[in-house]
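Remarks on the overall topology
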Amino acid sequence: SVPTAEDDEMARARLAVATRAALVAGVHTEEIVRHGKQAVKEVVAAATTADTNIVIIGRRPPRGDLKQRLLGDIAAQIIDQAHCHVLIAGWQSQMWRQRILVASDGSMDSDRVAEIAGQIAKVTHIPLTLVATVATGRDRENAADDLALKAARIRVEGIECDSLIVEGAPEQAIPAAARELGADLVVIGYQQSLGRGMADQIIGRLDCAVLVVRSGAEAPQIDSAVAKQA
C-alpha cells in the first residue's frame, strides 16, 4: 500500500524482496499494490478482495512504558477491521517449531479458537497447550472441566495436547506461561471475554508470533492453506 500511483515503483520494489524469498522457498505468490493514504483501509480491502484466511502483519520492537508496549494503533485497527484472522509476526518471532499455546476463557468463541489452533498444530506437527487463567478455586474447577473437554477433542485428531491452569490477570499470566513453556506461537480469540484492550496487552508482552482469531471469520480451508505452506 502506497499513498499514490506515483509511488507504484517503490511498492513493487518492496514486494520484490518477499517475492524472491518465496520463490526460493517454493511458495506461490500473488502481488497486490493498492494506492491510498489510509494504509489500514487499503490492507483490509486487499485482504477482502483476495479472500484471505489470514493477514500477516509485523510489529516493531517494543519500547518504553506499558502504554508504549501495546500493540500499536495501526496493527490494532487492522485486527479490528479485518474480516479474517490476523497473525502478528513480531521482530523477534520465528516460524513455530516448539509449542503452540492457546488462551482459553471457556466461552463459546474459545471452542473455535481451540479448533483452529488444533488445525495448525496438526499440519505443522507441533504440540499444543491449552491455557486458562483463574481467580478462585471454583473458577479452577470449571476451567479444568472445560480444558479437559477441549483437549480430548483435539487429541482425537492425533494431536499432542495438554492443558494448564494459571492464576492471575490474563495479560500477565498468559505471556508468562508462554515463556515458561517455550511456546513460539500463541493463539488468542479477539471476541473472547479477554476483550480488545486485554488482547493488545497480551500481544505487547510477547516476543513470539501471535495469531488473533476473529469470531465469525470463517476459514474452513485454513488447514489446507497451512499445509501447503508447511
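**Overview of the overall build of the protein chain**
The helix and strand inventory of the protein chain stands at nine helices and seven strands. When burial is assessed residue by residue, the protein chain has 41% of its 230 residues classed as buried. As presented, the protein chain carries roughly 12600 Å² of accessible surface, and 51% of it is formed by carbon and sulfur atoms.

**What to know about helix H4 (residues 73–81)**
Those residues of H4 not exposed but buried are Ala75, Ala76, Ile78 and Ile79. Each buried residue of H4 lies within a common arc of 160° when the element is viewed along its axis, so the set occupies one face. Of the exposed residues in H4, the ones pointing more than 90 degrees away from its buried face are Asp73 and Ile74.

**A few points about the sheet that holds strand S2 (residues 85–90)**
Pairing is mixed across the open sheet formed by seven strands, whose spatial order is S1-S2-S7-S6-S3-S4-S5. Here the strands that pair on one side only, and so sit at the sheet edges, are strand S1 (54–59) and strand S5 (161–167). If you compare each strand with its neighbour and ignore which way they point, the axes differ by 25° on average.

**Quick word on unusual backbone geometry**
Of note, the phi angle at aspartate 51 is positive, near 50°, even though the residue is not glycine. Along the chain, aspartate 51 turns up in the loop between helix H2 (39–49) and S1. Residue classification places aspartate 51 among the exposed positions, given a relative accessible area of 66%.

**Digging into the pairing of strand S4 (residues 128–134)**
Among the seven residues that make up S4, six are buried, leaving the element largely enclosed by the rest of the structure. Bridge count for strand S3 (residues 100–103) against S4 is four bridges, and the pairing is parallel. Each bridged residue has a counterpart across the sheet, and for valine 102 the counterpart in S4 is leucine 130. Taken together, S3, helix H5 (residues 108–124) and S4 form a β-α-β motif whose crossover is right-handed. Two strands pair when backbone bridges link them, and S4 and S5 are joined in this way by seven bridges, in the parallel orientation. Residue pairing for S5: alanine 132 is matched across the bridge by isoleucine 165.

**What about the pattern of salt bridges?**
Scanning all chains against the criterion turns up eight salt bridges. The shortest N-O distance in the salt bridge between lysine 122 and glutamate 157 comes to 3.1 Å. Of this pair, lysine 122 sits in helix H5 while glutamate 157 is found in the loop between helix H6 (137–156) and S5, placing the two residues 35 residues apart along the sequence. By relative accessible area, which is 45% here, glutamate 157 ends up partly exposed. Close ionic contact of glutamate 167 with arginine 140 constitutes a salt bridge, the shortest N to O distance being 3.4 Å.

**Remarks on the packing of H2 against H4**
One can describe the packing of H2 onto H4 by two numbers: an axis separation of 10 Å at closest approach and a directional angle of 35°. Once H2 is placed against H4, the crossing between them reads as right-handed. On H4, the residues that touch Val40, Val43 and Val44 of H2 are Ile74, Gln77, Ile78 and Gln81. Of the residues contributing to the contact of H2 with H4, the split by class is five nonpolar, two polar and no charged.

**Here's the deal with the side chain of lysine 150**
Mapped onto the elements, lysine 150 comes out in helix H6. The buried category is assigned to lysine 150, whose relative accessible area is 3%. Among the polar contacts listed, one links the side chain of lysine 150 to the side chain of aspartate 111, at a separation of 3.0 Å. The residues touching lysine 150, leaving out its near neighbours within four places in the chain, are Ser104, Gly106, Ser110, Asp111, Ala114 and Leu130.

What counts, and at which threshold
- What you see as residue numbers is a count from 1 along each chain, following the sequence as written.
- This being a predicted model, a pLDDT of at least 70 is required before a residue's local features are given, and a value of 80 or more before pairs of side-chain atoms are given or counted; all residues contribute to the totals for chains, interfaces and linings.
- Only heavy atoms go into the side-chain values, all of them from the structure, while hydrogens and water stay out.
- Here a helix means four or more residues in a row that DSSP labels H or I, a strand means two or more in a row labelled E, and each is numbered from the N terminus.
- Each residue's exposure class comes from its accessible area (1.4 Å probe, protein chains only) as a fraction of the maximum for that residue type: buried when under 20%, exposed when over 50%, partly exposed otherwise.
- In these tables, accessible area is a Shrake-Rupley quantity obtained with a 1.4 Å probe, and a residue counts as shielded only by the protein chains included in the view.
- The arc under discussion is defined with respect to the helix axis, by the directions toward the C-beta atoms.
- Whether two strands pair comes down to DSSP finding at least two bridges between them.
- Between N-to-C directions, angles span 0 to 180 degrees; the directions come from axes that are lines fitted to C-alpha atoms, helices contributing only their stretch in contact.
- Viewed with both strands pointing away, a crossover whose connecting path from the first strand over the helix to the second turns clockwise is right-handed.
- Whenever Lys or Arg places a side-chain nitrogen within 4 Å of a carboxyl oxygen from Asp or Glu, that contact is recorded as a salt bridge.
- The hand of a helix crossing depends on one turn: near helix anticlockwise from the far one by less than a right angle means left-handed, and clockwise means right-handed.
- The criterion used for residue contact is that any of the two residues' heavy atoms lie within 4.5 Å.
- Polar here means any residue outside two lists: the nonpolar Ala, Val, Leu, Ile, Met, Phe, Trp, Tyr, Cys and Pro, and the charged Asp, Glu, Lys and Arg; Gly therefore counts as polar.
- Under this definition, polar contacts are N or O atom pairs within 3.5 Å; protein pairs additionally need one hydrogen-donor-capable and one acceptor-capable atom, and for neighbouring residues in sequence, both atoms have to be side-chain atoms.

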